[in-house]
Amino acid sequence: MTAQPSVEELVAQERRLTLRRFTHADAWALGSMLVEMANLREAPVAIDIRRGGQQLFHAALPGSSPDNDAWIDRKRRVVERYGESSLLVAARHHAKGTTFEETALVSPMAYAAHGGSFPIAVEGAGVIGSVTVAGLPSLEDHAMVVEALTRFEASASATSGV
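The rules behind these values
- Residues numbered from 1 in each chain as written.
- Predicted model: local features only at pLDDT ≥ 70, side-chain atom pairs only at ≥ 80, totals over all residues.
- Heavy atoms only, no water.
- Core = buried A, V, L, I, M, F, W, Y, C linked by side-chain atoms within 4.5 Å.
- Buried < 20%, exposed > 50% of the residue type's maximum accessible area, 1.4 Å probe, protein only.
- Helix = DSSP H or I, 4+ residues; strand = E, 2+ residues; numbered from the N terminus.
- Contact = heavy atoms within 4.5 Å.
- Pairing = 2+ DSSP bridges.
- Expected span 1.5 Å × (residues − 1).
- Polar contact = N/O pair within 3.5 Å; in protein donor to acceptor, adjacent residues only side chain to side chain.
- Axes fitted to C-alpha atoms, helices over the stretch in contact; angles between N-to-C directions.
- Parallel < 35°, antiparallel > 145°, perpendicular 65-115°, else oblique.
- Left-handed = near helix turned anticlockwise from the far one by under 90°.

A. Region of the structure containing the nonpolar core. Core analysis: the biggest nonpolar cluster contains 29 residues, and F22, L30, L34, I47, I49 and V131 have the highest contact counts within it. Looking at this core, the elements that each hand over two or more residues are α2 (24-41), β1 (46-51), β2 (54-60), β3 (117-122), β4 (126-134) and α6 (138-160). Ranked by the residues each element gives to this core, the list is headed by α2, at 7 residues. Beyond its immediate stretch of four places on either side in the chain, L34 contacts I47, V131, V133, M144, V145 and A148. Of all hydrophobic cores here, the second largest spans 8 residues; its members include V78, A90, F100 and A104.

So, in structure tokens, the structure goes:
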């Protein structure tokens, strides 16, 4: 079981995982990495990567269902609206003693502040997209995305000589 990160920890994750660039090829590499991770863990997830309004990568692994795609859409909309991970948005509400559902004034059928959707932020450009995993418990979806982005960022830095 993954522990609930604090608001400060989640903000630090997002700062640390700001990328130098993010191309179509990068989306494929990150998505493929997530598929490999999920397959090794036999995780019944769906994976989505978007830049702007364009879906650059999608995969549905064995055991996933159309419900996972609906969760992807709802969590991704939180990232698009707030520019922060879906888990950070939820944590900010909890820190104020409330819930996203109680105070966000958005439809819970369209938005879900649950872990698993993370902003793709690029240096000098800000948030340009999102990477989302759905199918595991909220904190595990989030942890899988963070682990993949950490690996992806490290491999991108290694190949660019940074």
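Read on, since the account is not over.
B. Expanded view of the pairing of β2. Across 6 bridges, the pairing between β1 and β2 is antiparallel. Residue pairing in the sheet places R51 in a bridge with Q54 of β2. Linking two consecutive strands that pair antiparallel, namely β1 and β2, is a turn of 2 residues; a positive phi of about 60° is found at G52 within it.

C. Up close: α2. The first and last C-alpha atoms of α2 sit 26 Å apart over 18 residues, in line with the 26 Å expected at 1.5 Å per residue. Residues D26, A27, L30, G31, M33, L34, V35, M37 and A38 constitute the buried set of α2. Between the side-chain oxygen of the N-cap and the backbone nitrogen of A25 there are 3.3 Å, and the N-cap of α2 in question is T23. Two residues or fewer past α2, E42 is found with a positive phi of approximately 55°.

D. Representation of the packing of helix α1 (residues 7-16) against helix α4 (residues 86-95). Contact geometry of α1 with α4 gives a least axis separation of 9 Å together with a crossing angle of 155°. Judged on the interaxial angle alone, α4 and α1 are roughly antiparallel. The two elements α1 and α4 cross, and the hand of that crossing is left-handed. On α4, the residues that touch V7, L10, V11 and E14 of α1 are L87, L88, A91, R92 and A95.

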